[in-house]
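# Understanding the architecture of this molecule
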Amino acid sequence: MTAMRFLSTRRKTQAVGLVRAIHDGLAPDGGLYIPESFPRFTPACFDRHESMADIGVHLLTPFFEGSELESALPKICNHAFAFPIPLRACPDPQVKILELFHGPTAAFKDVGARFLASCLEYAKQPGDTPLTVLVATSGDTGGAVAGAFVDYPSTQVAILYPAGMVSARQEHQLCCWPPHIRSFKVGGNFDDCQRMVKEAFADPSITQKLRLTSANSISIARLLPQMVYYAASSLQYWRETGGTANYIIPAGNLGNSLACIWARHMGLPIGHIALATNANPVLSTYFQTGVWQPGQTTATLASAMDVGNPSNAERLFDLLPAANRSDFRLSASRVKDSQIRDSIADAWQRLQLELCPHTATAWQVRRWMDQDQPDRDWILVATAHPAKFEQIVEPLLGHSVAIPPAFSSLLQRPVAWLEIKPTLESFRKALLEESV
Ligand SMILES: *Cc1c(COP(=O)(O)O)cnc(C)c1O
């Protein structure tokens, strides 16, 4: 078996092995890494595989075989899937809910972040300079990445987040970690944070001292494990009904939904995939008209999906030639803030479901689908726990939302951050002076 290689979507750099693709994050030509070929499965391939971690090892072995990480894959999967990802029934008999929010920071990004952290840990060679992971965040990603590295104290993590633009609970979750995970509160916006990370990678006075890697959402090591919960839940549905599972997925940068599209491509029993977006129109316009028109980002109640130019789009276009868009079994619908509010209230009043604003976009799409496709069953993907967005959710429900235990113990830890200016110079100083 020759090891899987990973190509850039732009095809202007050489194919690389798995570990290199993980360390690089972005390919050197600016493209995104994709596997040079996809393994194919049938549902029967998983007959003897039940648990999430076990399905993960089986599904991901073709990507790991022959790489330095091959023998570590079972341990990596155990770390990433250490919490339950249940497919729950709901009072609407045509709907099941895939709950992705039982991880340490109560959102689906925990899965990818923990898988990535584990891959980086097991890829270490004796004598390597310690790694420093840089991550710019508008809220959710940074917490997930921090939580993922708690168990790996020899790796430094630096989180940059925009001052005054994250909620109180989000800020807490960014700043409550042991000393190898440091949080920098940047006097600027999210774009400044992203720019500072990019500039740090290009600054020799930093890169000569620190071995940098990034943990943003385009990392192949975050995408691969996300396929696992689509495989497991579609297999469960297949075993129960003999049919293919249709999904409604809240989408922003397309990382979570692309994993579902890849899983279907590999032969998992998945039917229609409906993307639910907030008011940002790029995806719904594309699926309705074929025109790809990235634009400015609009701020919405589903803030983790505030994306004007989804970074995983190159991977989508690489898989689906634009000519036969209607055959994709894919759609996208846009849900405005007023509809998100209405959907949160409706799900509670009719079904006693407490939804976060992101998951509420999926419930709204389900309500529209009920008119267009009344016979279809749907799996709704719940991307975050509502307690993370209590300021939006609680007034609409009329009661307070119980905080899950893991998240609540995190909210009791002390916090620390360092305020810095939105310049490379202040970031460099903070990063180098305090790093061990
Ligand atoms: C990141 C995030 C999303 C969007 O996922 P993408 O992979 O960017 O499409 C949706 N909901 C929540 C809660 C998130 O944190």
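Attention here is on the structure that accompanies the text. (Residues numbered from 1 in each chain as written. Predicted model: local features only at pLDDT ≥ 70, side-chain atom pairs only at ≥ 80, totals over all residues. Heavy atoms only, no water.)

### Section: helix 4 (residues 109–122)
Our working definition: Secondary structure follows DSSP: runs of H or I at least 4 residues long count as helices, runs of E at least 2 residues long count as strands, and numbering of each begins at the N terminus. To estimate the expected span of a helix, subtract one from its residue number and multiply by 1.5 Å. Any residue under 20% of the maximum accessible area for its type is buried, any over 50% is exposed, and the rest in between are partly exposed; the area is computed with a 1.4 Å probe on protein chains only.
The end-to-end C-alpha separation of helix 4 is 20 Å, in line with the 20 Å expected for 14 residues at 1.5 Å each. In terms of burial, helix 4 is largely enclosed, as twelve of its 14 residues are buried. Listed in full, the buried residues belonging to helix 4 are Lys109, Asp110, Val111, Gly112, Ala113, Arg114, Phe115, Leu116, Ala117, Ser118, Cys119 and Leu120.

### A short note on unusual backbone geometry
Its identity is not glycine, yet Arg11 carries a phi of approximately 55°, on the positive side. Phi angles above zero are rare outside glycine, and Gln352 is one such case at about 55°. In this structure, Gln352 sits in the loop between helix 13 (337–351) and helix 14 (357–372). For Gln352, a relative accessible area of 52% corresponds to the exposed category.

### Section: the sheet that holds strand 5 (residues 131–136)
For the record, the criterion: Strand pairing is assigned whenever DSSP detects at least two bridges linking the two strands. Structural elements are reduced to axes, namely lines fitted to C-alpha atoms, with helices fitted over the stretch in contact, and the angle between N-to-C directions of any two is expressed from 0 to 180 degrees. Any two residues whose heavy atoms approach within 4.5 Å are treated as being in contact.
In space, the five strands of this open sheet follow the order 8-5-6-7-13, with parallel pairing throughout. At either margin of the open sheet sits one strand with a lone partner, and together these are strand 8 (211–214) and strand 13 (418–420). This sheet shows a mean twist of 30° between the axes of neighbouring strands, independent of strand direction. Across the face of the sheet, helix 5 (residues 140–149) comes into contact with strand 5, strand 6 (156–162) and strand 7 (181–186) while running at roughly 165° to strand 6.

### Here we look at the pattern of salt bridges
The following threshold applies: Whenever a carboxyl oxygen of Asp or Glu lies within 4 Å of a side-chain nitrogen of Lys or Arg, that contact is scored as a salt bridge.
Across all of its chains, the model carries 18 salt bridges by this definition. For the salt bridge of Lys124 with Glu121, the shortest nitrogen-to-oxygen distance reads 3.0 Å. Where Asp140 meets Lys388, a salt bridge forms, and the shortest distance between an N and an O atom there is 3.0 Å. Here Lys388 lies in the loop between strand 12 (378–382) and helix 15 (390–397) and Asp140 lies in helix 5, a separation of 248 residues in the sequence. Within this structure, Asp342, Asp346, Arg350 and Arg367 form a network of salt bridges that share partners.

### Here we look at the packing of aromatic side chains
Counted only if it meets this: When two rings of Phe, Tyr or Trp (its six-membered ring) have centres within 6.5 Å they constitute a pair, described as stacked for plane angles under 30 degrees, edge-to-face for angles over 60, and tilted for the intermediate range.
Considering all chains together, one arrives at ten aromatic pairs under this definition. Their ring planes at 90° and their centres at 5.9 Å tell us that Phe64 and Phe115 sit as a pair that is edge-to-face. Taken as a pair, Phe64 in helix 2 (residues 52–64) and Phe115 in helix 4 lie far apart in primary sequence, 51 residues in all. Considered together, Phe64 and Phe115 belong to a single accessibility category, that of buried residues.

### A few points about the site of the ligand
Using the following cut-off: Any residue with a heavy atom lying within 4 Å of a molecule or strand is counted as near it. Any pair of N or O atoms that falls within 3.5 Å is considered a polar contact. Within protein, one atom must be able to donate a hydrogen and the other to accept it, and sequence-neighbouring residues count only if both atoms are side-chain atoms. With residues, only the protein chains shown are counted as cover, and all accessible areas are computed by Shrake-Rupley using a 1.4 Å probe.
With respect to spatial proximity, 14 residues lie near the ligand, and among them Lys109, Asp140, Gly252, Asn253 and Thr383 are the closest. One of the side-chain N or O atoms of Asp140 is found 2.8 Å from an oxygen atom in the ligand. In this structure, Asn253 approaches the ligand through a main-chain N or O atom, which is 2.8 Å from an oxygen atom. Here the ligand has 380 Å² of accessible area as a free molecule, and 97% of this is covered by the chains.

### Digging into the sheet that holds strand 12
On the basis of which strands lie adjacent, the open sheet formed by six strands has the order 3-4-12-9-10-11 and mixed pairing. The open sheet terminates on both sides in strands that have one partner only, identified here as strand 3 (87–89) and strand 11 (330–334). Across the sheet, the mean angle separating the axes of adjacent strands is 25° when strand polarity is ignored. Pairing analysis gives three bridges linking strand 3 to strand 4 (residues 95–99), with the strands arranged antiparallel. In the sheet register, Ala89 faces strand 4, and the bridge partner there is Lys96.

### Structural notes on the environment of Pro404
Within the element layout of this structure, Pro404 appears in the loop between helix 15 and helix 16 (405–411). Placed 26 residues apart in sequence, Pro404 and Ala430 show a C-alpha to C-alpha distance of 34 Å. Apart from the residues lying within four places of it in its own chain, the contact partners of Pro404 are His385 and Ala387.

### Re the pairing of strand 11
Strand 11 sits mainly inside the fold: four of its five residues count as buried. In terms of strand pairing, strand 10 (residues 270–277) meets strand 11 through five bridges, oriented parallel. Across the sheet, residue Ala276 finds its bridge partner in strand 11, namely Ser333.

### Examining the side chain of His49
Here His49 is to be found in the loop between strand 2 (33–35) and helix 2. The exposure class assigned to His49 is buried, which follows from its relative accessible area of 11%. A polar side-chain atom of His49 sits 3.5 Å from a polar atom in the side chain of His58. In contact with His49, other than residues within four places in its own chain, are Asp54, Ile55, His58 and Arg239.

### Brief notes about the packing of helix 13 against helix 14
Stated formally: Angles are sorted into four bins: roughly parallel if under 35 degrees, roughly antiparallel if over 145, roughly perpendicular if 65 to 115, and oblique for all others.
With their axes 8 Å apart at the nearest point, helix 13 and helix 14 run at an angle of 75° to one another. It follows from the interaxial angle that helix 13 and helix 14 lie roughly perpendicular. Here Gln339, Ile340, Asp342, Ser343, Ile344, Asp346, Ala347, Arg350 and Leu351 of helix 13 come into contact with helix 14, specifically with Pro357, Ala360, Thr361, Trp363, Gln364, Arg367 and Trp368.

### Details of the packing of helix 9 (residues 220–241) against helix 10 (residues 255–265)
Packed helices, taken two at a time, are described by the angle their axes make and the gap between the axes. For clarity, the threshold we go by: Helix crossings fall into two classes, left-handed where the near helix is turned counterclockwise from the far one by less than a right angle and right-handed where it is turned clockwise. Throughout, the ten residues Ala, Val, Leu, Ile, Met, Phe, Trp, Tyr, Cys and Pro are labelled nonpolar, Asp, Glu, Lys and Arg are labelled charged, and all others, Gly among them, are labelled polar.
Direction vectors running N to C along helix 9 and helix 10 enclose 60°, while the axes themselves pass 8 Å from each other. Considered as vectors, helix 9 and helix 10 are oriented oblique to each other. Our pair here, helix 9 against helix 10, has a crossing hand that is right-handed. For the pair helix 9 and helix 10, contact is made by Ile220, Leu223, Gln226, Met227, Tyr229 and Tyr230 and by Gly255, Asn256, Leu258, Ala259, Cys260, Trp262 and Ala263, respectively. Of the residues that constitute the contact of helix 9 with helix 10, the class distribution is ten nonpolar, three polar and no charged.

### Looking at the nonpolar core
The test is simple: Among the buried residues, those of types Ala, Val, Leu, Ile, Met, Phe, Trp, Tyr and Cys that are joined through side-chain atoms within 4.5 Å form a nonpolar core.
Judged by nonpolar contacts, the single largest core of 101 residues is most densely connected at Phe64 and Tyr230. Here the element with the most residues in this core is helix 9; it accounts for twelve residues. When neighbours within four sequence positions are excluded, Phe64 is seen to be in contact with Leu18, Leu69, Glu70, Leu73, Ile76, Phe115, Cys119 and Leu224.

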